[in-house]
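Residue-level listing of the chains:
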Amino acid sequence: MTAGQADALQRLWPTWGLDIDGQRTIDLGELFGNDNHVVLEIGFGMGEATAQMAAAAPDTNILAVDVHTPGQGNLLNLAEQQKLSNIRVGNGDAIILLREMLTRDALDGLRVYFPDPWPKKRHHKRRLIQPEFLDLAATRLRPGALVHCATDWEPYAEQMLDVLTAHPDFENTQAGGGFAARPDFRPLTRFEGQGLEKGHVVNDLLFRRVQHGVRPDRSDQSPTGT
Ligand SMILES: C[S@@+](CC[C@H](N)C(=O)[O-])C[C@H]1O[C@@H](n2cnc3c(N)ncnc32)[C@H](O)[C@@H]1O
């Protein structure tokens, strides 16, 4: 960690930091000081892309979570330098945040950009985007919320597409299914740049949390059930 990152953590954490301790439920309106939409970004790395997105959409709050403390210091510095009041930085495991600290329908979006690819087969179970993760995320995302993933690891991209497509709580925004073009609001990320230098192909996925219809009133049905 650089001295600047350590200094930012010490000075700015009390104002813009969130300890993910699993001990309490967070009121996001209170955390951000307004009722604007809140998007959760899991694994922001050094935070450059996060800061760019926050600057481009000041009316969208970004709850940016990572376990990597130098990156947290870096993002706090960027937020201070650019006066980005719509960022809060979480330290800890995003699963604990989702499971223990966020309420049902709390989030208006989820961004997961270049999650650790875990290329070895015996490590695939460590990948973040799995059916169980989507079960949890679905409960914290309001209907209509956008889930945006990107990866430069093609086998992981295929896995993401498979599990998101199969999940009943999400639908692909792409009419024909499949991957999406990178939307204008997502900047190139640091990790993505490293992948592109190695000749990797980047895939974006844009899915929506589905609003499940109210179950039909069975009493309306004819006696034959037709
Ligand atoms: C490969 S890096 C990508 C960083 C950034 N999104 C980019 O594209 O440059 C993945 C990041 O996810 C973070 N991460 C992995 N698992 C996490 C978890 N369960 N909760 C929060 N962050 C996590 C890692 O610390 C790392 O910074």
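Source: prediction; values computed, not measured. (Residues numbered from 1 in each chain as written. Predicted model: local features only at pLDDT ≥ 70, side-chain atom pairs only at ≥ 80, totals over all residues. Heavy atoms only, no water.)

Draft legend 1. Quick look at the overall build of the protein. Scanning the protein from N- to C-terminus turns up eight helices and eight strands. Against the globule reference of 17 Å for 226 residues, the protein gives a C-alpha radius of gyration of 19 Å, in line with a compact fold. With respect to the principal axes defined by its C-alpha atoms, the protein has extents near 75 × 45 × 35 Å. Taken across its 226 residues, the protein has 49% of its residues classed as buried. The long-range fraction of contacts in the protein, counting pairs at least 24 apart against all pairs at least 6 apart in sequence, stands at 79%. Within the protein, the 30 negative side-chain charges are centred at a point lying 4 Å from the centre of the 23 positive side-chain charges. (Helix = DSSP H or I, 4+ residues; strand = E, 2+ residues; numbered from the N terminus. Rg over C-alpha atoms; globule rule 2.2 N^0.38 Å. Buried < 20%, exposed > 50% of the residue type's maximum accessible area, 1.4 Å probe, protein only. Contact = heavy atoms within 4.5 Å. Lys, Arg positive; Asp, Glu negative; His and termini not counted. Charge placed at Lys NZ, Arg CZ, Asp CG, Glu CD.)

Draft legend 2. Spatial organisation of the nonpolar core. Counting residues in hydrophobic clusters, the biggest one holds 39 residues, and the most contacted among them are Leu28, Leu63 and Leu97. With 21 residues, the next largest nonpolar core counts Trp13, Met53, Ala64 and Leu78 among its residues. (Core = buried A, V, L, I, M, F, W, Y, C linked by side-chain atoms within 4.5 Å.)

Draft legend 3. Quick look at the side chain of Glu41. As for its position among the elements, Glu41 is in strand β2 (residues 38–42). Buried within the structure, Glu41 lacks any salt-bridge partner; Arg111 is the closest side chain of opposite charge, at an N-O distance of 5.6 Å. In this structure Glu41 touches Thr50, Met53, Ile62, Leu63, Ala64, Val65, Arg111 and Tyr113, once residues within four positions along its chain are discounted. (Salt bridge = Lys/Arg side-chain N within 4 Å of Asp/Glu carboxyl O.)

Draft legend 4. The sheet that holds strand β3 (residues 61–66), seen in detail. Ordered by their spatial adjacency, eight strands build an open sheet running β1-β4-β3-β2-β5-β6-β8-β7, and the pairing between neighbours is mixed. Each end of this open sheet is capped by a strand with a single partner; those strands are β1 (17–19) and β7 (170–172). With strand direction ignored, the average angle separating the axes of adjacent strands in the sheet is 25°. Looking at chain direction, β7 and strand β8 (residues 203–209) are connected through three bridges and run antiparallel. Residue Phe170 lies in a different strand from β8, and its bridge partner there is Arg209. Against the sheet, helix α3 (residues 48–56) contacts β2, β3, β4 (87–91) and β5 (107–113), and its axis sits at roughly 170° relative to β3. Relative to β2, helix α5 (residues 94–101) is tilted by about 145°, and along the sheet it contacts β1, β2, β3 and β5. (Pairing = 2+ DSSP bridges. Axes fitted to C-alpha atoms, helices over the stretch in contact; angles between N-to-C directions.)

Draft legend 5. Seen up close, the site of the ligand. In the vicinity of the ligand lie 15 residues, with Gly43, Asp66, Tyr113, Thr189 and Phe191 positioned nearest. Between a nitrogen atom of the ligand and a main-chain N or O atom of Tyr113, the distance comes to 2.8 Å. Interatomic distance of 2.6 Å between a side-chain N/O atom of Thr189 and an oxygen atom of the ligand. Here the ligand has 600 Å² of accessible area as a free molecule, and 82% of this is covered by the chains. For the shell around the ligand, the secondary-structure elements that each account for two or more residues are β3 and α8 (190–197). For the shell around the ligand, the class distribution of residues is seven nonpolar, four polar and four charged. (Near = heavy atom within 4 Å. Polar contact = N/O pair within 3.5 Å; in protein donor to acceptor, adjacent residues only side chain to side chain. Areas by Shrake-Rupley, 256 points an atom, 1.4 Å probe, with all protein chains shown as cover. Nonpolar A, V, L, I, M, F, W, Y, C, P; charged D, E, K, R; others polar.)

Draft legend 6. Representation of the packing of aromatic side chains. One pass over the full model with this rule turns up zero aromatic pairs. Its end group placed over the ring of Trp118, Arg126 keeps NZ or CZ at 4.8 Å from the ring centre. We note Arg186 situated over the ring of Tyr113; from NZ or CZ to the ring centre the distance is 5.6 Å. (Phe/Tyr/Trp six-rings, centres within 6.5 Å; stacked < 30°, edge-to-face > 60°. Lys NZ or Arg CZ within 6 Å of the ring centre and 35° of its normal.)

Bear in mind that shape data such as this cannot, by itself, settle questions of function.
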